[in-house]
Amino acid sequence: MSNQPDLLILKMQEGSEMAFSRVYERYNEALRGIIFAVVKDDAVAEEVLQDVFMKIWNNSSSYDVKQGRFFTWALNISRNAAIDHLRSKAHKNNLKNLSRDYFVHIPEDATDEMEVQTDSLGIMKWVNKLKPTCIKIIDLIFFKGFTFKDGAAELNIPEGTLKTRHRKCVNELRNVMGE
């Protein structure tokens, strides 16, 4: 993949609303899928997605091509916004009577539509090329929205160990994707 910055991203960073509109068209389905995988509610996913694109627009100048791909930057904003929503007091009040499993785990019988939403850019084809340990870690942290603390508890390993393995897995994923 080329390290040359995408002209569309540069135009957006210069304040072009047309470029921002094209960025939205290019990435909204994939980012919505990441958000939906965490919040598991269509209406909430749409709401969080709109907030994410406001953050992308307002903070576009903080994106640096030298630090990684634009999609990775936007994915992290999306994932963090979805997790922030789950941690919000309003969300917790709305879900008082639901078990923790309802909003943390993706059901085993996930529909094809849900799989398409979470993987609209084909990320899973790259993730599935990794070692089983990395697949599990990336699934928990990115697709299911676990924090490192919760992921460590789920995997029954220390949090620091999970962070180290996660970093190695993300680097391995970058290598597999050809970055």
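A brief structural summary. (Residues numbered from 1 in each chain as written. Predicted model: local features only at pLDDT ≥ 70, side-chain atom pairs only at ≥ 80, totals over all residues. Heavy atoms only, no water.)

Examining the overall build of the chain
What the chain contains, in helices and strands, is 11 helices and zero strands. Along the chain, from the amino end to the carboxyl end, the secondary structure elements read α-α-α-α-α-α-α-α-α-α-α. Expressed as a percentage of the 179 residues in the chain, the buried residues total 42%. In the chain, 63% of the contacts between residues at least 6 apart in sequence involve partners at least 24 apart. Carbon and sulfur atoms form 50% of the exposed surface of the chain, whose accessible area is close to 10700 Å². (Helix = DSSP H or I, 4+ residues; strand = E, 2+ residues; numbered from the N terminus. Buried < 20%, exposed > 50% of the residue type's maximum accessible area, 1.4 Å probe, protein only. Contact = heavy atoms within 4.5 Å. Areas by Shrake-Rupley, 256 points an atom, 1.4 Å probe, with all protein chains shown as cover.)

Quick look at the nonpolar core
Ile56 and Phe70 are the most contacted members of the largest nonpolar core, which has 50 residues in total. Every element with two or more residues in this core is listed here: helix H1 (7-13), helix H2 (17-39), helix H3 (42-58), helix H4 (70-87), helix H8 (123-127), helix H9 (132-143) and helix H11 (159-177). With 11 residues, the top contributor of residues to this core is H2. Leaving out residues up to four positions away in the same chain, Ile56 has contacts with Met12, Phe20, Leu31, Phe70, Trp73, Ala74 and Ile77. (Core = buried A, V, L, I, M, F, W, Y, C linked by side-chain atoms within 4.5 Å.)

Describing the side chain of Ser78
Along the polypeptide, Ser78 turns up in helix H4. Assessed through its relative accessible area of 0%, Ser78 is described here as buried. Apart from residues lying up to four places away in sequence, Ser78 is in contact with Leu31, Ile35 and Val52.

Describing the pattern of salt bridges
Side-chain pairs of opposite charge can arise where the charged atoms are in close proximity. Under the criterion given, the structure shown has four salt bridges. Linking Asp42 and Arg32 is a salt bridge whose minimum nitrogen-to-oxygen distance equals 2.8 Å. Remark: Arg32 occurs in helix H2 and Asp42 occurs in helix H3; sequence separation between them is 10 residues. Judged by relative accessible area, Asp42 falls into the partly exposed class, the value being 41%. We note a salt bridge from Lys163 to Glu159, for which the minimum N-O separation is 3.6 Å. In this pair, Lys163 and Glu159 both sit in helix H11, four residues apart, roughly one turn of the helix. By relative accessible area, which is 36% here, Lys163 ends up partly exposed. On the accessibility criterion, Glu159 (35% relative accessible area) is partly exposed. Connected through shared salt-bridge partners, Arg32, Asp42 and Glu46 make up one network. (Salt bridge = Lys/Arg side-chain N within 4 Å of Asp/Glu carboxyl O.)

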